Amino acid sequence: MLFLDFEEPVAELYQQVQSLREISEKQNIDMSAAIEGLEKKMFDLKTELYGQMTPWQKVQLSRHPQRPYTNYYISQICDQYTELHGDRYFADDTAIVGGMGIIDGKSYMMIGHQKGENTNMRQYRNFGMANPEGYRKALRLMKLAEKFRKPVICFIDTPGAFPGIEAEQRGQAEAIARNLFEMSQLEVPILCIIIGEGASGGALGIGIGDKIFMLENTWYAVISPESCSSILWRSWDHKETAAEQLKLTPEDMYGFKIIDGIVKEPLGGAHHDPPVIAKTVKELIIQQVAELEALSVEDRIAQRIAKYEAIGEYTET
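These figures come from a predicted structure and were not determined experimentally.

About the cut-offs
Residues numbered from 1 in each chain as written. Predicted model: local features only at pLDDT ≥ 70, side-chain atom pairs only at ≥ 80, totals over all residues. Heavy atoms only, no water. Helix = DSSP H or I, 4+ residues; strand = E, 2+ residues; numbered from the N terminus. Polar contact = N/O pair within 3.5 Å; in protein donor to acceptor, adjacent residues only side chain to side chain. Contact = heavy atoms within 4.5 Å. Phe/Tyr/Trp six-rings, centres within 6.5 Å; stacked < 30°, edge-to-face > 60°. Buried < 20%, exposed > 50% of the residue type's maximum accessible area, 1.4 Å probe, protein only. Lys NZ or Arg CZ within 6 Å of the ring centre and 35° of its normal. Salt bridge = Lys/Arg side-chain N within 4 Å of Asp/Glu carboxyl O. 1 Å grid on protein atoms, 1.4 Å probe; cavity = no way out; pocket = protein on both sides within 12 Å on 5 of 7 lines; lining within 4 Å. Points joined across faces, edges and corners; volume = space filled by probe spheres on them. Nonpolar A, V, L, I, M, F, W, Y, C, P; charged D, E, K, R; others polar.

Asks: Go over the side chain of Lys115, please, and point to the residues and values.
Replies: With respect to the helices and strands, the residue Lys115 is situated in the loop between strand E3 (106-113) and helix H5 (119-124). For Lys115, the side chain forms a polar contact with the side chain of Asp157, separated by 3.1 Å. At 2.7 Å, the side chain of Lys115 and the side chain of Glu197 are in polar contact. With residues near it in sequence (within four places) discarded, Lys115 still touches Tyr69, Met121, Arg122, Arg125, Phe127, Gly128, Asp157, Thr158, Pro159 and Glu197.

Here it is, written out as structure tokens:
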């Protein structure tokens, strides 16, 4: 298990427990009482530590390299899954994956950002930063879902859309804007779940939904804390302050009525028990889609548009 800097006290206890288990197995000594005591102490420490995290610590946890990504959720949730490739214009962007999946006998279109589990795969997936062809692939799959009346599930986890010049040359802004326009009017239910980072237009490109949920240790904002700090202070040194001021946590988003709910994670984060969080997400998908399908197409679209119109505050002069 990989621990972050602020988790060092937990890491020390974890190592002690592992050491006692190794000694117990190698020397055939009963150390269950000592192990149980350390595990209880570790549980109490984790409860205290993770119960009072700062926004910056939540950002760090959302980026944990062992955190489950889109392909893991799809593999655990779907009984069958067929991945679909390409935008039919330029290329197949590996930063966004998607395809038709079956959950308990019902078909869904599954779409999401994919970061990659190791260094080579992260490079192959471009660290989850999609090019225009990624957003166009996502829209193609959404239109396919609409044609066959299948609900759309979007897993959001990206540090942002790819900012390279080649992405701008191929119409990055237009591709994202087109998705916003089309998703707002899509005739099938759309459920969006932020499973890691929800940064800027990169997240919004597949983030317009009837319902939006955030996992407990994720964030959602127009800009990352580091980039915000760089713009305001010309340095990353104030990223903790930026994270605080951006109000990017699930609790902030729920308070602003931008999201519809917060999904509880296993203690310490989704990576501490991936099967449990996958089961939780599966149950959420089944429940929410059933509620959305009970509405007429007209009512569902009207509610979706009204939801976004109500976000934010303004005055007319």
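Having seen it, we continue.
Asks: I'd like a rundown of the packing of aromatic side chains, residues and numbers included.
Replies: Within the structure shown, the criterion is met by three aromatic pairs. Measuring from ring centre to ring centre gives 6.2 Å for Tyr72 and Tyr73, while their planes differ by 75°; the resulting arrangement is edge-to-face. On the basis of relative accessibility, which here comes to 23%, the residue Tyr72 falls in the partly exposed class. Classification of Tyr73 as buried rests on a relative accessible area of 0%. A cation over an aromatic ring shows up here: Lys106 above the ring of Tyr108, its NZ or CZ 5.8 Å from the ring centre.

Asks: Describe the pattern of salt bridges, and please don't skip the residues or the numbers.
Replies: Within the structure shown, the criterion is met by 22 salt bridges. Residues Glu197 and Lys115 are paired through a salt bridge, measuring 2.7 Å at the closest nitrogen-oxygen approach. Taken together, the positions of Glu197 in strand E5 (residues 190-199) and Lys115 in the loop between E3 and H5 put the pair 82 residues apart, joining distant regions of the chain. With respect to burial, Glu197 and Lys115 carry one shared label: buried. In the salt-bridge network here, residues are joined through shared partners; they are Arg136, Lys143, Glu146, Glu174, Arg178 and Glu182.

Asks: So, the layout of surface pockets: which residues are in play, and what are the values?
Replies: Taken as a whole, the largest pocket spans an internal volume of roughly 270 Å³. Along the wall of the largest pocket there are 13 residues; nearest its centre are Leu204, Tyr220, Ala221, Val222 and Ile258. Listed by contribution, the elements that provide at least two residues to the lining of the largest pocket are helix H9 (200-204) and strand E7 (219-221). The leading source of residues in the lining of the largest pocket is H9, at three residues. Tallied by class, residues from the lining of the largest pocket come to 10 nonpolar, two polar and one charged. As a volume, the second largest pocket reaches approximately 210 Å³. Around the second largest pocket, the lining is made up of 13 residues, and of these Arg63, Pro159, Ser224, Glu226 and Ser227 lie nearest the centre.

Asks: Let's hear about the environment of Asn126: which residues, and what values?
Replies: With respect to the element layout, Asn126 can be found in the loop between H5 and helix H6 (132-147). C-alpha of Asn126 to C-alpha of Tyr50: the two residues are 76 residues apart in sequence and 30 Å apart in space. Other than its neighbours up to four places away in sequence, Asn126 contacts Asn131 and Phe162. Of note is the side chain of Asn126, whose polar atom sits 2.9 Å from the backbone oxygen of Met129.

Asks: Tell me what's going on with unusual backbone geometry, and back it up with residues and numbers.
Replies: If a residue is not glycine, its phi is most likely negative; likewise, a peptide bond is most likely trans. In this structure, Arg149 takes a positive phi of about 60° despite not being glycine. Structurally, the position occupied by Arg149 is in the loop between H6 and strand E4 (152-158). Of note in this structure, Ser200 is not a glycine but carries a positive phi near 55°. Among the secondary structure elements, Ser200 is positioned in helix H9.

Asks: Describe the environment of Leu84, listing the residues and the values that go with them.
Replies: With respect to the secondary-structure elements, Leu84 resides in the loop between strand E1 (80-83) and strand E2 (96-103). Taking the C-alpha atoms as reference points, Leu84 and Gly99, separated by 15 residues in sequence, lie 4.8 Å from one another. Contact partners of Leu84, with chain neighbours within four places excluded, come to Gly98, Gly99, Met109, Lys137, Arg140, Leu141 and Leu144.

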